[in-house]
Amino acid sequence: MRKPIIAGNWKMNKTIGEAKDFVEAFRVEVASVKDVEILLCPPYLAVHEVAQRCQGTNIAVAGQDVFWKESGAYTSQVSAKMLLDAGAEFTLIGHSETRGRFGKEDMTEGQFAFFAESDETVNCKIKVALAAGLKPIMCCGETYNERQAGNTDSVIKGQVKNGLADLTAEQVGGMVVAYEPVWAIGTGEVCSTPEAQRVCAMIRAKIAKLFGDVAAESVRIQYGGSVKPDNAKELLSQPDIDGALVGGASLKVPDFVGIIKAI
Ligand code: PGA
């Protein structure tokens, strides 16, 4: 049985003080929740504060990204060791916003590729995270244009194959993959439940093909993209959806608690 995993991705929201207030209220609300893994992904600057306040609770902490070098002259970057030291147990890798894929369009003129993420950098980051003992959550998802062009399945399969390249079946089996259609992120336009289930099942089948049935049965696959308290129950009851990666609705305690309790 795969344990459901619900992660709240705060993106570039909340100061340390705001994060502290959130956790103080949140940890009481979810204290009785069992059999669900709960994660908070604060901005880097609040990771330590949130991790300190989640010690001894049923809430774990994740970074929003990690760099693929251990240390050195990489201005602005954060290493796996630093995240672990600050108290994180997981990290997001390859979120569409770090891949430079926004809203309904791929990056267009006037937007900037501020992280220049690719499947190759995603793969490097996953390897470094695993080697350091940090659990990766690899995000994948198609843009609106890719879906319109009928390329959803090939885009996702490519991201899964290239992002997980060279890993062992055991490593993949212990991972989390988040399916986040880019057009559904922060837009209020949720992917239909049958379609979210179909793509998550396809990801599992692709993992079975690449790494075997044991890895495919144990890897946890989340859906992300406009998950709210009122649509969470239906999405999370699907056989191949093992949890949710929640952005906007994880910023307010009642909304995020509502999603967790929907399971
Ligand atoms: P959203 O974001 O829930 O605000 O759509 C999800 C995500 O980007 O992880």
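(A) Spatial organisation of the nonpolar core. Formed by 68 residues in total, the largest nonpolar core has its most connected members in Phe26, Leu40, Leu164, Ile203 and Ile207. Top element by residues in this core is helix α9 (residues 193–211). It accounts for 7 residues. Not counting chain neighbours up to four residues away, the residues in contact with Leu40 comprise Gly8, Trp10, Phe22, Val23, Phe26, Val50, Cys54, Ile59, Ala60, Val61, Ala62 and Phe256. Core analysis: the next-biggest nonpolar cluster, separate from the first, contains 13 residues, Leu39, Cys139, Val176 and Ala178 among them.

(B) Spatial organisation of the sheet that holds strand β2 (residues 37–41). Taken in spatial order, the 8 strands of this closed barrel run β1-β2-β3-β4-β7-β8-β9-β10, and their pairing is parallel. Averaged over neighbouring strand pairs, the angle between their axes works out to 25° when direction is ignored. With 4 bridges connecting them, strand β8 (residues 176–179) and strand β9 (residues 220–224) associate as parallel partners. Across the sheet, the residue bridging to Tyr179 is Tyr223, located in β9.

(C) Expanded view of the pairing of β9. The buried fraction of β9 amounts to 5 of the 5 residues, a majority that puts the element mostly inside the structure. Pairing of β9 with strand β10 (residues 243–246), which is carried by 3 bridges, proceeds in the parallel orientation. Residue pairing in the sheet places Tyr223 in a bridge with Ala244 of β10. Note that the unit made of β9, helix α11 (residues 229–236) and β10 has a crossover that is right-handed.

(D) Representation of the packing of helix α1 (residues 16–29) against helix α12 (residues 253–262) within the structure. Contact geometry for α1 and α12: axes closest at 10 Å, N-to-C directions at 30°. When the axis of α1 is compared with that of α12, the two are roughly parallel. The chirality of how α1 crosses α12 is right-handed. Every residue of α12 that contacts α1 at Phe22, Ala25, Phe26 and Glu29 is listed here: Val253, Phe256, Val257, Ile260 and Lys261. Tallied by class, residues from the contact of α1 with α12 come to 7 nonpolar, no polar and 2 charged.

(E) Seen up close, the side chain of Asp240. Along the polypeptide, Asp240 turns up in the loop between α11 and β10. The class for Asp240 is buried, based on a relative accessible area of 14%. Side-chain polar atoms of Asp240 contact the side chain of Gln197, separated by 2.8 Å.

(F) Quick look at the site of the ligand. Close contacts around the ligand come from 13 residues, with Lys11, His95, Glu180, Gly186 and Ser226 the closest. Between the ligand and Gly186, the relevant distance is 2.6 Å, taken from an oxygen atom to a main-chain nitrogen or oxygen of the residue. Contacts to the ligand include Gly247, whose backbone N or O atom sits 2.8 Å from an oxygen atom. For the ligand, whose unbound accessible area comes to 280 Å², protein coverage reaches 97%.

(G) How the structure looks around the packing of aromatic side chains. Taken as a whole, this structure holds 6 aromatic pairs when the rule is applied. Ring centres of Phe22 and Phe26 lie 5.1 Å apart, and the angle between their planes is 35°; on these two criteria the pair is classed as tilted. Linking Phe22 with Phe26, this pair stays in helix α1, spanning 4 residues, or about one helical turn. By relative accessible area, Phe22 is classed as buried at 4%. Residue Phe26 is classed as buried on the basis of its relative accessible area of 0%. Each member of the aromatic cluster is reached from another via a ring pair, and the members are Trp10, Phe22, Phe26 and Phe256.

(H) Inspection of α12 at higher detail. Those residues of α12 that sit buried are Val253, Phe256, Val257, Ile259, Ile260 and Ala262. The inward-facing, buried residues of α12 contact β1 (5–9), α1, β2, α11 and β10.

(I) Molecular detail of the side chain of Lys206. Turning to its location among the elements, Lys206 is positioned in helix α9. Buried charge without a salt bridge: Lys206, with Asp153 as the nearest opposite-charge side chain at an N-O distance of 11 Å. In contact with Lys206, other than residues within four places in its own chain, are Lys157, Val160 and Lys161.

(J) Up close: the pattern of salt bridges. Scanning all chains against the criterion turns up 18 salt bridges. Among the ionic pairs, Glu49 bridges to Arg53, the shortest N-O distance being 2.5 Å. Of this pair, Glu49 and Arg53 are both found in helix α2 (residues 44–54), 4 residues apart, which corresponds to roughly one turn of the helix. Between Glu142 and Arg147 there is a salt bridge whose closest N-O contact spans 2.7 Å. The class for Arg147 is partly exposed, based on a relative accessible area of 22%. Several salt bridges share partner residues, and in doing so they unite Arg2, Arg204, Glu217, Asp240 and Asp242 into one network.

Criteria and thresholds
Residues numbered from 1 in each chain as written. Predicted model: local features only at pLDDT ≥ 70, side-chain atom pairs only at ≥ 80, totals over all residues. Heavy atoms only, no water. Core = buried A, V, L, I, M, F, W, Y, C linked by side-chain atoms within 4.5 Å. Buried < 20%, exposed > 50% of the residue type's maximum accessible area, 1.4 Å probe, protein only. Helix = DSSP H or I, 4+ residues; strand = E, 2+ residues; numbered from the N terminus. Contact = heavy atoms within 4.5 Å. Pairing = 2+ DSSP bridges. Axes fitted to C-alpha atoms, helices over the stretch in contact; angles between N-to-C directions. Right-handed = clockwise from strand over helix to strand, strands pointing away. Parallel < 35°, antiparallel > 145°, perpendicular 65-115°, else oblique. Left-handed = near helix turned anticlockwise from the far one by under 90°. Nonpolar A, V, L, I, M, F, W, Y, C, P; charged D, E, K, R; others polar. Polar contact = N/O pair within 3.5 Å; in protein donor to acceptor, adjacent residues only side chain to side chain. Near = heavy atom within 4 Å. Areas by Shrake-Rupley, 256 points an atom, 1.4 Å probe, with all protein chains shown as cover. Phe/Tyr/Trp six-rings, centres within 6.5 Å; stacked < 30°, edge-to-face > 60°. Lys, Arg positive; Asp, Glu negative; His and termini not counted. Salt bridge = Lys/Arg side-chain N within 4 Å of Asp/Glu carboxyl O.

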